[in-house]
Amino acid sequence: MKDTVPRGVSTLGKCTSEYIQFFTSTSLSPILNMSHTPPDAERPPVSEPPGAERRAEADRHPEAARPANAERAPDAEQPPEAERPANSDRPPEGQRPPGVKIMQTLGLEPDPWQIDVLESDRQQLLLNCCRQAGKSTTVAVLALVEALFRPRTKVLIVSRSHRQAKELLRQIQFFHRLLKYTLLQRKTAEEIEFTHLSRIVSLPCREETIRGYSHIDLMILDEAARVPDDVYRAVRPMLAVSNGRLVCLSTPYGKRGFFWDAWARGADDWTRFEISADKIPRIKPAFLDQEKRALGETWFRQEYFCSFEAMEGLVYAEFERHVVNVEDAPAFLSLAPFDIGKHHGGTHNGGTHDDDREWKIKLGNWQRVHGDGLRLVGGIDFGFRNPFAAVWGVLDRDGVLWLCGEHYCRQRPLSYHAQQLPKNVTWHADPSGAGEISELRCAGLCVKTAKNAVRLGIAAVHARLEEGTLKILKGRCPNLLAEAGLYRFDSTSGEGGENPLDEYNHALDALRYLISRLDVRLMAGRLRDSQSSTTQETREQQRERSFAEMADDDSMWIP
């Protein structure tokens, strides 16, 4: 935005009392009527309406002219008929609502890129913006204008958390309050409803509970780089019938997820806007220099210059190098008998013992054809609010683990997860979930207790990555790869960053449980070698010390 806003008035709409008084005294009737008039149409001259002298007198003496119900709560107000659109039909398709005009009415002078966004008629927008660029303000105005000027419009807001989605809705409500509660029917902390049947709704970021909406006209994904891919895949079909618009706005967050994929590899049906900090006059060069010193090069480029950077301090920095194309994978993987769904087997899941025998026969045939050395294995990390994560694959005769499937889901009962997991797999699960392990065993799954030594498990996964004995089929484990691009060490810990942050690690924990069990003997050998090496070094250091030095060491004489 240009520097026309007085000092002390932020771009997010926090205005002084003088500005609020000015906005609330301004009628929106000309703007609302303008939305249904072609922009180039010649307007007839406006004649002096009857009673103009009385209104002028009321303006000079507002206290005497104030109606009895002037203090009534805004939610109870019924907007006058003059403020409603001339008709309830939607504007012509080629005509955009006056978003720029509304933004100026709110006292916010838009930047050129904001004008382009508000006037764009493209169906899919990607807003890759630096911090404090004004992207939330722009989208808030866009959502409000679409709902006000297009009757029967549904606008949905989704963010990485429900709190953030409601924060954007709160900003929309603030702008709407400055516009004298035009067409307001009802509002809550999660929804605004207008008298002409338009709605703006904020939703929690959960794939399981977001599917009940349809015929969406405008879908907004705030902080899209952090929105899970399963949520993105769940909301896209809501735009199918309505041919609605999709607006994704975010600051980059690593080379992962649908936002980065759409930005880097998406087709031309995406309209991209890249707004770096050097294009925002409100962000001063001195502040950017200070941030660069404080954040470091990588985070600075990502936060302020729209660069998709690999995360610093990643636990598995080389993970993506072990992704293999399906056509380059061994043939036995495509024929592996992973039974999912109706052929799950076992009477506990709605199958039959005949199904169980059938899959055992298929497993036996597969092993006879491709060799008895092949094993179907998997790992499980339990969760409810956090995702329930499972990964599985084939361990071949050479000890190479080929991952070719995953299950990643939140807030579903254990019975649901049991139906999604292949039954022929030998599972290694989180040892803290003893009750869940017992239930899965009752459901006909072969589940064993894994080890929960975090550092030792991470070392085991690293060993396979270094030796090239861990492979991931492309497109089969998207959440596992996404987490690998985010799971990093805690640089603020007091142990030199040895402990990883407890986030973005659910599918990776499932993999750790699996590998720690597969390589338990190797891990024990490495541990013994490490301990014996340390003991030998200590003995050699003791031999090198002179008798006088040892005599002065009090610890040598403590029994």
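Please read all numbers here as calculations on a predicted model, not as lab measurements.

### Comments concerning the environment of proline 97
Take proline 97: it is sitting in the loop between α4 (62–65) and α5 (99–105). Judged by its relative accessible area of 7%, proline 97 is buried. Here proline 97 is in contact with Val145, Glu146, Phe149 and Arg150, once residues within four sequence places are set aside.

### Let's talk about the sheet that holds strand β2 (residues 154–158)
Taken together, 8 strands build an open sheet; the order of strands is β3-β4-β5-β2-β6-β7-β1-β8 and the sheet is mixed. One side of each edge strand has no neighbouring strand; the edge strands of this open sheet are β3 (184–187) and β8 (271–275). Here the average twist between neighbouring strands, direction ignored, is 15°. Where β2 and strand β5 (residues 199–203) come together, 5 bridges link them in parallel fashion. Looking across to β5, one finds that valine 158 is bridged to leucine 203.

### Quick notes on the side chain of threonine 251
Within the secondary structure, threonine 251 is located in the loop between β7 (245–250) and α10 (257–265). A polar contact is formed between the side chain of threonine 251 and the backbone oxygen of cysteine 129, at a distance of 3.0 Å. Sequence-distant contacts of threonine 251, that is, excluding residues within four places in its chain, are made with Cys129, Cys130, Arg131, Lys135, Glu223, Ala225, Gln302 and Glu303.

### What about the nonpolar core?
General note: in soluble globular proteins, nonpolar side chains tend to be found buried as a group. If you look at the biggest cluster of nonpolar residues, it comprises 51 residues, and the most contacted ones within it are Leu127, Ile200 and Ile220. Ranked by residues supplied to this core, first place goes to helix α7 (residues 135–149) with 10 residues. Residues contacting leucine 127, with those up to four places away along its chain left out, are Val117, Val139, Val247, Cys248, Leu249, Ser250, Phe259 and Phe273. Val158, Ile210, Ala234 and Leu486 belong to the second largest nonpolar core, which has 30 residues in total.

### Re unusual backbone geometry
For glutamine 132, which is not a glycine, the phi torsion comes out positive at approximately 60°. Along the chain, glutamine 132 falls in the loop between β1 (124–129) and α7. With a relative accessible area of 57%, glutamine 132 lands in the exposed category. One non-glycine residue, histidine 215, adopts positive backbone phi at about 55°.

### Focus on the confidence of the model for the protein chain
Confidence in the prediction of the protein chain, expressed as mean pLDDT, is 75, and 67% of residues score 70 or more. Here residues 340–353 is a poorly scored stretch, pLDDT under 50, and it has 29 contacts once near neighbours within four places are set aside; other chains count.

### Regarding helix α17 (residues 454–467)
Compared with the 20 Å implied by 1.5 Å per residue over 14 residues, the 20 Å span of α17 between its first and last C-alpha is a close match. Along α17, the residues classified as buried are Gly457, Ile458, Ala460, Val461, Ala463, Arg464 and Leu465. Immediately beyond the C-terminal end of α17, within one or two residues, lies glycine 468, with a positive phi of roughly 75°.

### Some thoughts on the pattern of salt bridges
Within the structure shown, the criterion is met by 14 salt bridges. The partner of glutamate 146 in a salt bridge is arginine 150, and the shortest N-O contact between them spans 3.1 Å. Arginine 150 matches glutamate 146 in its accessibility class, with the two residues each being buried. Residue glutamate 146 is classed as buried on the basis of its relative accessible area, which comes to 7%. A network of salt bridges, in which partner residues are shared, links Arg186, Glu191, Glu193 and Arg199.

### Details of the sheet that holds strand β12 (residues 401–409)
Strand order across the open sheet formed by 7 strands is β9-β15-β12-β11-β10-β13-β14, with mixed pairing between neighbours. Of all strands in the sheet, those with a lone pairing partner are β9 (323–324) and β14 (446–449), marking the two edges. Docked against the sheet, helix α19 (residues 506–518) engages β10 (375–381), β11 (388–395), β12, β13 (426–429), β14 and β15 (470–473), running at close to 130° with respect to β10.

### With respect to the pairing of β12
Of all the 9 residues making up β12, 9 are buried; the element is thus mostly covered by neighbouring parts of the structure. Here β11 hands over to β12 after 5 residues, with glycine 399 in that stretch at a positive phi of 80°.

### So, the packing of aromatic side chains
Counted by the stated rule, this structure contains 11 aromatic pairs. Ring centres 6.3 Å apart and planes at 50° place the aromatic pair phenylalanine 174 and phenylalanine 175 in the tilted group. Between tryptophan 392 and tryptophan 427 the ring centres are 5.9 Å apart and the planes differ by 80°, which places this aromatic pair in the edge-to-face class. A residue pair is termed long-range when its members are at least 10 positions apart, and tryptophan 392 in strand β11 and tryptophan 427 in strand β13 qualify at 35 residues. Side by side, tryptophan 392 and tryptophan 427 carry an identical accessibility label, which is buried. Every member of this aromatic cluster is reached through a ring pair, and the members are Phe287, Phe300, Tyr304 and Phe305. Between the NZ or CZ atom of arginine 226 and the centre of the ring of tyrosine 253, over which it lies, the distance is 3.7 Å. Residue placement shows arginine 412 over the ring face of tyrosine 416; its charged tip is 4.4 Å from the ring centre.

About the criteria used
Residues numbered from 1 in each chain as written. Predicted model: local features only at pLDDT ≥ 70, side-chain atom pairs only at ≥ 80, totals over all residues. Heavy atoms only, no water. Helix = DSSP H or I, 4+ residues; strand = E, 2+ residues; numbered from the N terminus. Buried < 20%, exposed > 50% of the residue type's maximum accessible area, 1.4 Å probe, protein only. Contact = heavy atoms within 4.5 Å. Pairing = 2+ DSSP bridges. Axes fitted to C-alpha atoms, helices over the stretch in contact; angles between N-to-C directions. Polar contact = N/O pair within 3.5 Å; in protein donor to acceptor, adjacent residues only side chain to side chain. Core = buried A, V, L, I, M, F, W, Y, C linked by side-chain atoms within 4.5 Å. pLDDT = per-residue confidence, 0-100. Expected span 1.5 Å × (residues − 1). Salt bridge = Lys/Arg side-chain N within 4 Å of Asp/Glu carboxyl O. Phe/Tyr/Trp six-rings, centres within 6.5 Å; stacked < 30°, edge-to-face > 60°. Lys NZ or Arg CZ within 6 Å of the ring centre and 35° of its normal.

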